[in-house]
Amino acid sequence: MSDARVMVFAPAPQLTVTIEQQHDDPELHVHPGGQGIWQTRMITSLGAEVILCAAVGGEVGRVLKPLLDFKGVTLRTVPRETGSGWYVHDRRDGTRQEIAERPGTPLTRHELDELYNLALAEGLRAGIAVLSGPAHPSVIRADVYNRLAGDLRANGCKVIADLCGKHLQAVLEAGLDVVKISHEELIADGLAADDSDEQLSGALVQLHENGAEAVLVSRAHNGALALFNEEIYRVGVPKLTSADHRGAGDSMTAGVAAVLARGGDMSQAVRTGAAAGSLNVTRHGLGTGHLDAVQVLTERVQLTPIKKAR
């Protein structure tokens, strides 16, 4: 068992059904999904153990729960009174077409209490926690994230958040070690007008001043920007052919978490996260990739200082 352990808070994972066709016959793929699950996959691929805290239930939950218990994961779940979320996608023509989707119903007060206590205990045991979001903001209240981030950090746990909107604002109020967010989410939240270096740098500084010690912004094909140690960096990654851009940001978060769990510094964490994100776009499976490939790509990631944060 790895000495590096990360608690991943994935409050409402989904059952994902994808139809693909590589040759003559269609193929059906059934997997666990959702932001925290994709992060978990990559963290375990990078050699760290994950304690996965989630709530599952209903007919979908009976299918979903066994799929969550994969190699490198210690699964801790809370039973739900209602069904877990799900989606069905069709990729037979090479693009992702949504057939139907349900993010799941909002967690009840009892479910939230049980999940909160579970995540708090496991986060403190692990010493580092990743707070991931639900498929839809209505599934879990933002104040849960505020309390969880605050209680974890107050008791010595490092907290990484991959959130946006009200959930991000809630955890910023509590204070964070690292925030990862995409440029699309920054624009949607009104923190940046476009994906230019100038606009995103301003958003990085604002997030830092609002409570995040380090901030990482993914930016699709243009490369990420990172703020740590009071410096803003452009993150240059090798150019790779994209098979599916979805999941790259979650892999980036996972790379950061895996390095920090091993005691690495933010420079190495950002470079590894960028490499993991770049590798993920070459694959159809979200949050997937091989450790040796990530290590090779990490050596080719360049951090270029562009301005001071203050």
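Bear in mind that the values here come from a model prediction, so they are computed numbers and not experimental data.

K.L.:
Honestly, the nonpolar core in this entry has me stumped. Any pointers?
P.N.:
Ranked by size, the top nonpolar core spans 49 residues in total, and within it F9, L131, L152, V171 and L186 carry the most contacts. Sorting elements by how many residues they give to this core places helix α3 (residues 109–126) first, with 7 residues. Setting aside its immediate chain neighbours within four residues, F9 contacts C53, L115, A119, V130, L131, S132, I140, Y145 and L148.

K.L.:
Looking at this structure, how should I read the sheet that holds strand β2 (residues 14–20)?
P.N.:
Read from one edge of the open sheet, 4 strands run β3-β2-β6-β7, paired in mixed fashion. Looking along the sheet, the strands with just one partner apiece sit at the ends: β3 (27–33) and β7 (97–104). Averaged over all pairs of adjacent strands, the angle between their axes in this sheet comes to 15 degrees, without regard to strand direction. Those strands touched by helix α1 (residues 35–45) are β3 and β6 (84–90), and its axis lies near 95 degrees from that of β3.

K.L.:
What should I look at first to understand the sheet that holds strand β11 (residues 212–218) in this one?
P.N.:
Strand pairing in a sheet takes place through backbone hydrogen bonds and is either antiparallel or parallel in direction. Here 10 strands make up an open sheet; going across it, the order is β5-β4-β1-β8-β9-β10-β11-β12-β13-β14 and the pairing mixed. With one partner strand each, in any of the chains shown, β5 (73–80) and β14 (302–308) form the two edges of the open sheet. Averaged over all pairs of adjacent strands, the angle between their axes in this sheet comes to 20 degrees, without regard to strand direction. Of the pairings in the sheet, the one linking strand β1 (residues 5–9) to strand β8 (residues 128–132) comprises 3 bridges and is parallel in character. Bridge pairing in β8 links V8 to V130. Across the sheet, helix α7 (residues 197–209) touches β10 (176–182), β11, β12 (224–228), β13 (231–236) and β14, and the angle it forms with β11 is around 150 degrees.

Criteria and cut-off values
- Residues numbered from 1 in each chain as written.
- Predicted model: local features only at pLDDT ≥ 70, side-chain atom pairs only at ≥ 80, totals over all residues.
- Heavy atoms only, no water.
- Core = buried A, V, L, I, M, F, W, Y, C linked by side-chain atoms within 4.5 Å.
- Buried < 20%, exposed > 50% of the residue type's maximum accessible area, 1.4 Å probe, protein only.
- Helix = DSSP H or I, 4+ residues; strand = E, 2+ residues; numbered from the N terminus.
- Contact = heavy atoms within 4.5 Å.
- Pairing = 2+ DSSP bridges.
- Axes fitted to C-alpha atoms, helices over the stretch in contact; angles between N-to-C directions.

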